[in-house]
Amino acid sequence: MEPILQGVSAYVEVWSSNRTENYSKTFAQQLLDMGAKVSKTFNKQVTHVVFKEGHLATWRKAQKTGVKLVSVLWVEKCREAGAHVDESLFPAIYTNEGLPLLIKKHKCMQPKDFIEKTPENDKRLQKKLDMMAKELDVQKTATETDIPILLFEDDGSLAYSPTNKIKDQCSAMEKRIKDMKEKRENLSPTASQMSQISTLNSTQPGYGESLGVTSSASALLPGIENETSVCEATDGSCEVFNENKNKPCGESKKTGRIKKPTRTLVMTSMSSEKQCAIIQVMNKLGGFLFSDDVCETTTHVVTGSPRRTLNVMLGIARGCWIVCYEWVLWSLECGHWISEEPYELSANFPAAPICRLQRHLSSGKYQQDLFSSQPVMFISLASQPPCDKLRELVQLCGGKICKTLRQAKIYIGEYLGKKQPEIKYLSEKWILDSVTQHRICPLENYMFQQ
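Definitions and limits used
- Within every chain, residues take consecutive numbers counted from 1 along the sequence as written.
- With pLDDT at 70 or above as the cut-off, local features in this predicted model cover only qualifying residues; side-chain atom pairs require 80 or more to be listed or tallied, and sums for whole chains, interfaces and linings still use all residues.
- Side-chain metrics in this entry use all non-hydrogen atoms of the structure; hydrogen atoms and water are not considered.
- Any Phe, Tyr or Trp ring, taking Trp's six-membered ring, that has another such ring centre within 6.5 Å forms a pair; planes under 30 degrees apart are called stacked, those over 60 apart edge-to-face, and the others tilted.
- Numbering of helices and strands runs from the N terminus, with a helix taken as a DSSP run of H or I at least four residues long and a strand as a DSSP run of E at least two residues long.
- Exposed residues in this analysis have more than 50% of their type's maximum accessible area, buried residues have under 20%, and partly exposed residues fall in between, with area computed by a 1.4 Å probe over protein chains only.
- Should DSSP find at least two bridges between two strands, the strands are taken to pair.
- We call a set of buried Ala, Val, Leu, Ile, Met, Phe, Trp, Tyr and Cys residues a nonpolar core when their side-chain atoms join them within 4.5 Å.
- Contacts are assigned to residue pairs that have any heavy atoms within 4.5 Å of one another.
- Per residue, pLDDT captures the predictor's confidence, and it can take any value from 0 to 100.
- What the arc covers is the set of directions going from the helix axis to the C-beta atoms.
- Between N-to-C directions, angles cover 0 to 180 degrees, with each direction set by a line fitted to C-alpha atoms, over the stretch in contact for helices.
- Any angle that falls under 35 degrees is termed roughly parallel, while one over 145 is termed roughly antiparallel, one within 65 to 115 roughly perpendicular, and all others oblique.
- Handedness of a crossing is defined here by the sense of rotation of the near helix relative to the far one, left-handed for an anticlockwise turn of less than a right angle and right-handed for a clockwise turn.
- Ten residues, namely Ala, Val, Leu, Ile, Met, Phe, Trp, Tyr, Cys and Pro, are considered nonpolar, four, namely Asp, Glu, Lys and Arg, are considered charged, and the remaining ones, Gly among them, are considered polar.

Draft legend 1. Quick look at the packing of aromatic side chains. As enumerated under the stated definition, the model contains twelve aromatic pairs in all. Measuring from ring centre to ring centre gives 6.2 Å for phenylalanine 51 and tyrosine 94, while their planes differ by 50°; the resulting arrangement is tilted. In this pair, phenylalanine 51 is assigned in strand β3 (residues 48–52) and tyrosine 94 in the loop between α3 (72–81) and α4 (123–142), connecting sequence segments 43 residues apart. Overall, phenylalanine 51 belongs to the buried group, its relative accessible area being 2%. Plain terms: the ring middles of phenylalanine 378 and tyrosine 411 are 5.6 Å apart, the flat faces sit at 25° to each other, and that makes the pair stacked. Linking phenylalanine 378 in strand β11 (residues 377–379) with tyrosine 411 in strand β12 (residues 410–412), this pair joins segments that are 33 residues apart in sequence. For the residue pair phenylalanine 378 and tyrosine 411, the accessibility class agrees, reading buried in each case.

Encoded structure:
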């Protein structure tokens, strides 16, 4: 049919004579066939109201707005004539027996179901998380630049980050270490130790040099030769180490009560000589207990070489200091535990300073969220590193572990059976690289061939 009613925007309200049947759709379709537009609501764009036995509110609004108020006969006549018929020939009629006024719906006073606020459904929470993430990015970059970070001490006082502070206090010490590494020189003795050398150099000739320390440093390690024979070159353990592991930091002379240890230290990637040297420094300076493995009380992981061992990975996940062996030697030279920052292995393990700073700023128990957004994982019992350690590492970083394969979306380790298309099969290296870099590495780079 030709668009004879083009330009007409109609609102249709047509009921049967007994006001039980609504015929509006039938006449609305006829209007559409003739090129008119039909509105579902009575709005400002409406030009015609097709009315029969409708609501009083519709009738009053049509008269008030001055739109053309026509009967269904006008629609029929336009269809028969094939032309736009004069509306005044077919006016709509309203009887007192029309439909009542439209009843406004009242809002239900029953409380809505409680919906927990999440970043996805709450803009304020999302904005707050975005600001926290932005502040964390500033803190991350500040560990590599000269921008100071504001930190709070235990007593609530405000202090600057040790970054600039250490640069002022330890610039000479850093230069000395750099020169030592370039020239491969041994540590030189302090003035106070020179007097001891004259009396001890005959009994311990050149032994300290084999440990990478001077004879003065060896002089401060009494009995080290006797204990060297029982040390074993393992990853952070020896007999002396095990004997001292549960030994308290000190005892009160008056009461004899054992002081409660506050922090533990773990050694890794270290020769037996270096282990024994650290043991003697620990006994001299105090403040730590030894531990075979990284645990909740561990604050420092001392490594003899920048190898990615399990203790280093767990230390990063728990926000511990990851420091080199030279930190212990310089502490021995100074006679007290010195600042760790110049000796932190941040170049080898970029995540270490970030996680350590997060742990320092956390108000309660420190928990990473690195893997919190990843699907549920299943770790192979034959995985390398061992399954239990890999599970601990993932859970420390906020990941979800399941005990059965059918619940998993990610499988860690080599899988020899029939692979399911909905499960991603990844190498263990994906977890280790993600923790080391403190970011989720691309999954496609670690997938086994299907």
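Draft legend 2. Expanded view of the sheet that holds strand β8 (residues 289–290). Ordered by their spatial adjacency, four strands build an open sheet running β8-β7-β9-β10, and the pairing between neighbours is parallel. For this open sheet the edge positions go to β8 and β10 (321–324), each flanked by a neighbour on one side alone. The pairing of strand β7 (residues 264–268) with β8 spans two bridges and is classified as parallel. In the strand pairing of β8, leucine 265 is matched with phenylalanine 290.

Draft legend 3. Fine view of the nonpolar core. Within the largest apolar cluster, 59 residues are counted, with the highest numbers of intra-cluster contacts made by Ile278, Ile316, Trp327 and Trp430. In contact with isoleucine 278, other than residues within four places in its own chain, are Leu265, Met267, Met270, Phe290, Val302, Tyr325 and Val328. Counting residues in hydrophobic clusters, the runner-up holds 19 residues, among them Ile4, Val70, Trp74 and Cys78.

Draft legend 4. Layout of the confidence of the model for the chain. Per-residue pLDDT for the chain has a mean of 75; in total, 67% of the residues score no lower than 70. Of all helices and strands in the chain, the one with the weakest mean pLDDT is helix α7 (residues 207–210) (34), whereas β10 scores best (95). Below pLDDT 50 for its whole length, residues 145–150 participates in 16 contacts with residues either more than four positions away or in separate chains. Predicted confidence is poor over residues 158–170, with pLDDT under 50, and the contacts of this stretch with residues over four places away or in other chains come to 26 contacts.

Draft legend 5. View of helix α1 (residues 24–33). Taken as a whole, α1 has its buried residues at Ser24, Phe27, Ala28, Gln30 and Leu31. Down the axis of α1, the buried set is contained in an arc of 160°. They therefore lie on one face. Packed against the buried residues of α1 are β1 (9–14), β2 (37–38), β3 and α3. Backbone geometry just downstream of α1 places glycine 35 in the positive-phi region, at approximately 95°.

Draft legend 6. View of the packing of helix α11 (residues 272–285) against helix α13 (residues 326–334). Here α11 crosses α13 at 40°, and the two axes come no closer than 10 Å. On the basis of the axis angle, α11 is oblique to α13. Judged by the sense of rotation from one axis to the other, the crossing of α11 with α13 is left-handed. Across the interface between the two elements, Ile278, Val281, Lys284 and Leu285 of α11 pack against Val328, Ser331 and Leu332 of α13. Class assignment of the residues belonging to the contact of α11 with α13 gives a composition of five nonpolar, one polar and one charged.

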